[in-house]
Structure formats: structure tokens, C-alpha cells
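Below are the chains, spelled out letter by letter.
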Amino acid sequence: MAIVSMKKVLFVTLAREGEALLRKMQELGVLHPEHIKEPIESDKLVRMEHKLHVQGAVIRCLENRKMSSKKTPTPQSPPKIWEVESWIADEKKAHERIAHLEREIGKQTVWGDFDPDGIKFLEDKGVFIQLWSVGIKAFEKIAIPDGIHLHEIYRGKTIFFSTVNYGEKIEIAGAEENQIPEHALSYLYNDIDKVKKELATISERIDLAAQYLKRFRGKNVLLKEERDFFETLDRSFEDNSLVAFAGWLPVDDVEGVRKGINDSFSRSYMQVRDPIDGEIPPVKTKNPWFVGAFEPLLHLLGFPKYGGLDPALFFAPFMMVFFGICLGDAGYGLIMIIAAILMRKFLKERVPGISFVSNMCILFGSMTVVWGLLTGTIFGISFKNRGWIPIDVTPGVGDPMLLFKIAIGAGIIHLTIALLMSFFNLRKLGDRLCKLGVIAVMWGGLLGVLKVPYWYLLLGIGLGVILFFSSDSRNPAKRIGIGMWNIYGLTGLLGDVMSYARLFGLGIASAAIASVVNMLAGDVRAAVPALGDVFAILVLLGGHSFNFAMGIIGALVHPARLHAVEAFPKCVELTGTPYKPLSKA
């Protein structure tokens, strides 16, 4: 449950063995490379980046499609990824063509189906047919020249009409002339049917290609590995006879790498040393399953600094408990667990990261079920017999302020552990004592609110420690001045503690909205005798779905914020670089 120690390694070998040695490191999969030279934009790497871009686009497209339900013919070989890219491009063009034709049909429908070539033939003979449109109010005011035949085609807010004239085209003031369409309406309908058939064929090919999604992902991973390999090779030191490259190894893997190098490359040299000042080793953590399940969420906030504390063991249980308090409904928690099991069963092959999501959902859902049962909150149902509820915080029948006290108490415990973590990580005695002083002030204030006797002694001890140990200066005035400034800074501690009231707000709101949804459904059922049950079910589904979705968002964002803004700044620096070794799938 800590950050793994790292060693800096340097490999030197003959130029002709450089690539083979790096391949060996890639097979071992433990070397985090550190580039020696500035990047070189080689043609090979450029081509790889382009292929990765194409593969990524194709994979994302296939992930959003359903596999074809039709029986797939067994091909001699799966389609090439560039073929699928071509099909996707053709599908996009077909959609654009259909959209264009639909717009043209929409414009032309009002004129009916006629042959534009026939109109052109009549023009050659001196007979001119023109199409016009004008607002209904302006229609009565337009002046039609004598000898012109007018035929009204459609009357609405806008009037569409045509004119026939022999000899030359005419102009009608106040009316807008419309262009003669290039194609007949029947031609457009035939064209759109043809494009839709082509689109169906192309879409079926792409849908069938989705069965090879796992294969395409594998090729993408291999190409990324090759890109990383050649980038490391290009950025290694090389002269006419020697090649050198460097990186970081977990301390437990050093001897295994040394043995592998000595067995296969007798003329190679491997130097191992500890990090020196100014170097920033990558961060690799080692945690049990429960803690590791929350690490991807923690790493969204950042990686711990090498040589510092790994907050994962602190983050995991509190994140889980805070989530359960915020969502707070046992029924919603059960839905999360069922959804997680279904996701793992049906999406495991299509979505690589679904295991992380499902594990998180199960743990969060389990805590929500536990807290919902403790508070008697199950789909917002108002139970008449409430004797079985250990912590009844439901407004109107229970004590909501009890949840407020629990939230503030949880916040004080959370901040206390964060300060204790910082205490053990600091080196100076004065800094350590100041952390204990802050804890004493915080708990002294809490005991004062609870009217515990002699609370002021603990508060006074904390303030005294901060006053005299905030600085190690021998100048008494400077020392006390810095101490008084740090005491003034404690005013923010109240804000930090009160931030945990958001746990109370979200927990009460989620339960209250669920209860209101149930009440609305009951009112709808009573108000509509015939279809009341149907409408009530719709209200229940819509209301609880909305509350469930908003509750999950709030239960993720606000506990994460409490860690990132209130707790972590007191105990840990999330400025580390993640450990990413060269590896081979």
C-alpha cells in the first residue's frame, strides 16, 4: 500500500545489438523509458501516427455500432482496417447525399413532378414557362402582363404559381422567380432509393466488420507498442559503434532484468543507481484489490508525487462512504449493482474499461444499499412502521439534523486523517507539531459545540502550539508574528469543515425528491380514474430515472471535490508522472 521504489538504469551495448536489447526490455515489460535525445520526426514514426489515427477512428466508429444480427458468411480473411475506413467514408457520403436529395425533394414537391427537359424543349421553340412564389397578401397586388397565362399551383401562406409566355421571359414586380429544377421529382425519388440501397449494403458491411472489433483493438495496441518502441530507439544515444538508452525500473525487477540482459547480451553494460536531486521518477503504486478498484478515479485527480504519500488507501473508503451518503437510497444502490453485473456480462468484449466501471458501481451500490437500509430510504417509500430504522433522518418523521451532524463529524474525521498523514510525512519537528495543533483546534472547537467540559483546554493547547512552533526563527517577535498569522489562517478551517455539509444536502435532497415522485404518482393515479395506473407508472419511471441520474452525478462530483479541495492539499501532492513501461501484449 505504497509507492514502489524506482531505480535509474542505463544500458550501453554494441550498435548492432541495440534494437535487440530494447526488444528484450519490451518483452520483460518493466522499463519506463527516459529519452536521452530530443524527438526526431522520422518518416516511420509519422506513418505510424497516421495509422494509429485511422485505427482509432475506425475502432470508435465500430464501438458505437450494433453487430449485425444476420448470419455472417465465413470470409477467407477479415477485412483490412483501411477497407473499413473506406466503407465508413462511403457511408458518410451516402448520408450526405440522402440529406441533399431530401432537401431538394422538399423544395420541389410543391411544384409537382414534371420533366425539366420538356421545359427546355419548349424554350427552344419560344415558349417560356416560369415558376414564381409570393406571399398571400402580396399576391393580390402583383401585376400580371397581358397575354400571360397564370396557373396557381399551391395556396398557403405563400402562393406558388407558374406563368406561360410566348417569345421571351417576363418579370413580375413583387414576386420571386424560382429556378427550374435540374431533375424531375420522380428522378430524385429514384435516385434517393438507389442511394439508400447502396447505404444499406455499406452499413451491413460495417456492421459485419464489428465482429472483428477485438482484433482491430489488438492491432491498435500492437501498433502503439511499436510506436513507443521506435520512439525510444530513435531518442537513444548512438554513435558508430555503441547505443545507449536509459529509463526507470521498479526496485523488485532490477535483478530479473540484470539476469535477462546478462544471459542474452554478454557484451552489454547495465548501470543501476538511486534517483538524485532534480530527477522525477515515474510513480507506480501497489495496493490491494479494494483500494486498486478506486485508483483510476483517483488518478483523474492526479498521481501522487514520487517519494510522497499514496492517498489511495485514504481515498477509497471515504469516497465509497461519501457516495453512499449522497445517493442514499437502497433501491438506487440495488439498481447500480444489477446494472454493473449486466454491463460486465454484455459489454466486456466491446468496452475494454468496463471492468473498472462495473467494479466501482458494485462497491458504490453496495455502500448505497447499506446506508439506505440504515436510514430507511428505499425508492422514497414512506414506511408507517419506522421502528426498524437505526438512523431515521427523513424530514417530517425523523431527525434530518442527525444527518447534518453525521456529515460534519465525517468531515472532521476526514480532515484529521489527512492532517495525520501530513504529520508522518513531514520531517521538521515544528511543522509536525503545527499539524497536531490544527487537529487540537479542530477537535477543541467540536467539543465546545457539543458542550463537553474543558474543551477550551484542548483548543488553547492547539493555538499555543501553532503560535510558538510555526517558525524556527530565534527572533521572538518574528516567531510570534508568523504564529499569529497562521492562527489567523485557521479561519479557513471552519469553511473546510462546513464544506462537508454538502453530504447532508445531497443525502436529504435525493431522498426528498424520491418521496415527492411517489406522491406525484399517487396524485396522478387518483386524478385519472381510467388510465391512472399507466400515467402513475410513467411518472414513477421518469421521476426516479431523473433523480437516479442526478444523484449519481452529485455523489461522484462532490465527494471527489472534498478530497481534491479540502483533504489532499493538507497531506499530499498530486504532481507525479505515471509509470508507463515499454511492453508487449
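What counts as what
Once a new chain begins, its residue numbering starts again from 1 and follows that chain's sequence as written. pLDDT decides what is reported in this predicted model: residues at 70 or higher carry local features, side-chain atom pairs at 80 or more are listed and counted, and totals for whole chains, interfaces and linings draw on all residues regardless. Neither water nor hydrogens contribute to the side-chain values; these are computed over all heavy atoms in the structure. We define a nonpolar core as any set of buried Ala, Val, Leu, Ile, Met, Phe, Trp, Tyr and Cys residues linked to one another through side-chain atoms lying within 4.5 Å. Accessible area is worked out with a 1.4 Å probe on protein chains only. A residue is then buried under 20% of its type maximum, exposed over 50%, and partly exposed in between. Throughout, a residue-residue contact means that at least one pair of heavy atoms, one from each residue, lies within 4.5 Å. Numbering of helices and strands runs from the N terminus, with a helix taken as a DSSP run of H or I at least four residues long and a strand as a DSSP run of E at least two residues long. Side-chain atoms alone can form a polar contact between residues adjacent in sequence; in general such a contact is a pair of N or O atoms within 3.5 Å, and within protein one must be able to donate a hydrogen while the other accepts it. Here the rule is simple: two strands pair whenever DSSP picks up at least two bridges between them. Just to be clear on terms, a salt bridge is a Lys or Arg side-chain nitrogen sitting within 4 Å of an Asp or Glu carboxyl oxygen. Residues form patches when they are more than 30% accessible in relative terms and have no salt bridge. Like charges link within 9 Å. Nonpolar side chains (Val, Leu, Ile, Met, Phe, Trp, Tyr) link within 5 Å. All accessible areas in this document rest on Shrake-Rupley with a 1.4 Å probe, and a residue is counted as covered only by the protein chains that are shown. What a helix is expected to span follows from its residue count: subtract one and scale by 1.5 Å. In this description, a line fitted to the C-alpha atoms serves as the axis of each element, helices being fitted only across the stretch in contact, and the angle between N-to-C directions of two axes falls anywhere from 0 to 180 degrees. An angle below 35 degrees is read as roughly parallel, one above 145 as roughly antiparallel, one from 65 to 115 as roughly perpendicular, and any other as oblique. Classification used: nonpolar for Ala, Val, Leu, Ile, Met, Phe, Trp, Tyr, Cys and Pro, charged for Asp, Glu, Lys and Arg, polar for all others including Gly. In this analysis, rings of Phe, Tyr and Trp, with Trp reduced to its six-membered ring, are considered paired at centre separations within 6.5 Å, and the interplanar angle assigns stacked below 30 degrees, edge-to-face beyond 60, and tilted for intermediate values. The criterion for a charge sitting over a ring is simple: Lys NZ or Arg CZ within 6 Å of the ring centre, and within 35 degrees of the ring normal.

Thoughts on the nonpolar core
Membership of the largest hydrophobic core comes to 58 residues, with the highest contact counts inside it found for Phe294, Phe364 and Leu503. Setting aside its immediate chain neighbours within four residues, phenylalanine 364 contacts Phe294, Leu297, Met319, Met320, Phe323, Met336 and Leu556. Listed in part, the 26 residues of the second largest apolar core include Met6, Phe245, Trp248 and Val254.

With respect to unusual backbone geometry
Despite not being glycine, phenylalanine 379 has its phi angle at roughly 55°, a positive value. Along the chain, phenylalanine 379 falls in the loop between α13 (354-375) and α14 (400-425). Judged by relative accessible area, which is 30%, phenylalanine 379 ranks as partly exposed. The phi dihedral of lysine 451 is positive, around 60°, even though this residue is not glycine. Summarising the element assignment, lysine 451 is placed in the loop between α15 (429-449) and α16 (455-469).

A word on helix α4 (residues 116-124)
Sitting at the amino-terminal end of α4 is aspartate 115, which places a side-chain oxygen 3.1 Å from the backbone nitrogen of aspartate 117. A positive backbone phi angle near 95° is found at glycine 126, which sits one or two residues after α4.

Observations concerning the pairing of strand β5 (residues 149-155)
Every other side chain in a regular strand lies on the same face of the sheet, so the side chains alternate between the two faces. Where β5 meets strand β6 (residues 158-166), six bridges bridge the pair, whose relative direction is antiparallel. Each residue of the ladder has a partner; that of tyrosine 154, found in β6, is phenylalanine 160. Counted between consecutive antiparallel strands, the loop separating β5 from β6 contains two residues.

So, the pattern of salt bridges
As enumerated under the stated definition, the model contains 20 salt bridges in all. Across the pair glutamate 49 and arginine 227 runs a salt bridge whose closest N-O atoms are separated by 2.9 Å. Placement of the pair is glutamate 49 in helix α2 (residues 43-63) and arginine 227 in helix α7 (residues 213-234), with a sequence separation of 178 residues. The exposure class assigned to glutamate 49 is partly exposed, which follows from its relative accessible area of 40%. We classify arginine 227 as buried; its relative accessible area is 18%. A salt bridge links arginine 525 to aspartate 533; the nearest nitrogen and oxygen atoms lie 2.5 Å apart. The partly exposed category is assigned to aspartate 533, whose relative accessible area is 46%. Ionic contacts of the salt-bridge type, sharing partners, join the residues Lys8, Glu34, Arg273 and Glu279 into one network.

Considerations on a nonpolar patch on the surface
Among the surface-exposed residues, Leu334, Ile338, Leu342, Phe346, Leu347 and Val351 lie close enough to one another that they form a single nonpolar patch of about 520 Å² accessible area. On the secondary structure map, leucine 342 appears in helix α12 (residues 330-347).

Let's talk about helix α11 (residues 312-327)
Helical geometry: 3.6 residues make up each α-helical turn, so side chains three or four residues apart lie on a common side. The end-to-end C-alpha distance of α11 is 22 Å, a good match for the 22 Å that 16 residues give at a rise of 1.5 Å each. The element α11 is extensively covered by neighbouring structure, given that 13 of its 16 residues are classed as buried. The positive-phi residue at the C-terminal boundary of α11 is glycine 328, with phi of around 70°.

Focus on the packing of helix α17 (residues 476-489) against helix α18 (residues 491-498)
Across the interface, α17 lies against α18 with an axial gap of 4 Å and an inter-helix angle of 25°. The angle between the axes of α17 and α18 places the two elements in the roughly parallel class. From α17, Ile487, Tyr488 and Gly489 reach across to α18, where they touch Thr491, Gly492 and Leu493. Broken down by class, the residue content of the contact of α17 with α18 amounts to three nonpolar, three polar and no charged.

Focus on the sheet that holds β5
With respect to topology, four strands assemble into an open sheet ordered β5-β6-β4-β7, the strand pairing being antiparallel. Looking along the sheet, the strands with just one partner apiece sit at the ends: β5 and β7 (176-178). Ignoring strand direction, the axes of neighbouring strands in this sheet form an average angle of 30°. Strand direction decides the pairing type here: strand β4 (residues 127-135) and β6, joined by nine bridges, are antiparallel. Its bridge partner being in β6, leucine 131 is matched across the sheet by serine 162.

Structural notes on the packing of aromatic side chains
Scanning all chains against the criterion turns up 22 aromatic pairs. Judged by centre distance (5.6 Å) and plane angle (35°), the rings of tryptophan 485 and tyrosine 488 are tilted. Linking tryptophan 485 with tyrosine 488, this pair stays in helix α17, spanning three residues, or about one helical turn. Each of the two residues, tryptophan 485 as well as tyrosine 488, counts as exposed. Clustering of aromatic rings is evident, with ring pairs tying together Phe314, Phe315, Phe318, Phe322, Tyr500 and Phe568. Positioned above the aromatic ring of phenylalanine 229, the side-chain terminus of arginine 23 is 3.8 Å from the ring centre. For lysine 44, the ring lying beneath its charged end belongs to phenylalanine 230, and the centroid distance is 3.8 Å.

Limitation: the analysis is restricted to geometry and does not speak to function.
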